[in-house]
Amino acid sequence: MFQLSDPDTARRRIRLRLIYLTCAVCAMSGLFIAGQRDRFSRQLYALYVLVYIAYLDITAGEPCCPSGSTWA
């Protein structure tokens, strides 16, 4: 794990990740509900997986150790 030297940067990153998580969960829930109504088609499943992979890419793609941070 790493520790950011700037608390404001840490708060901003946590807030962004929570926003991403909320959006992903809402989108995946909507797709799941739509799939229950329409016998979960391939297109809906593909969108579901796309949202999941995009969320992982966005959150894991952030630099883990920007300049000015220290490793704990």
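Residues numbered from 1 in each chain as written. Predicted model: local features only at pLDDT ≥ 70, side-chain atom pairs only at ≥ 80, totals over all residues. Heavy atoms only, no water.

Caption draft 1: A look at the side chain of Thr 59. Structurally, Thr 59 can be placed in helix H2 (residues 42–60). There is a polar contact of 3.0 Å between the side chain of Thr 59 and the backbone oxygen of Tyr 55. Look past the residues within four positions of Thr 59 in its chain and what remains in contact with it is Arg 17 and Tyr 20. (Helix = DSSP H or I, 4+ residues; strand = E, 2+ residues; numbered from the N terminus. Polar contact = N/O pair within 3.5 Å; in protein donor to acceptor, adjacent residues only side chain to side chain. Contact = heavy atoms within 4.5 Å.)

Caption draft 2: Expanded view of the environment of Val 51. Mapped onto the secondary structure, Val 51 falls in helix H2. In this structure the C-alpha to C-alpha distance between Val 51 and Cys 23, which are 28 residues apart in sequence, comes to 9.4 Å.

Caption draft 3: Layout of the confidence of the model for the protein. Taken over all residues, the pLDDT of the protein has a mean of 79, while the share at 70 or more is 79%. The secondary-structure element of the protein with the lowest mean pLDDT is strand S2 (residues 70–71), recorded at 45, while helix H1 (residues 7–37) shows the highest, at 88. (pLDDT = per-residue confidence, 0-100.)

Caption draft 4: Region of interest: the state of the cysteines. Enumeration over the complete set of coordinates arrives at zero disulfides. Sulfur of Cys 26: no disulfide; nearest cysteine sulfur belongs to Cys 23 and is 6.8 Å away. (Disulfide = S-S within 2.5 Å.)

Caption draft 5: Quick peek at the pattern of salt bridges. The tally for this structure, following the rule as stated, stands at one salt bridge. Of the charged contacts, one joins Asp 8 and Arg 11 as a salt bridge, the two residues approaching to 2.9 Å between their closest N and O atoms. Pair noted here: Asp 8 and Arg 11 are both in helix H1, with a separation of three residues, about one helical turn. (Salt bridge = Lys/Arg side-chain N within 4 Å of Asp/Glu carboxyl O.)

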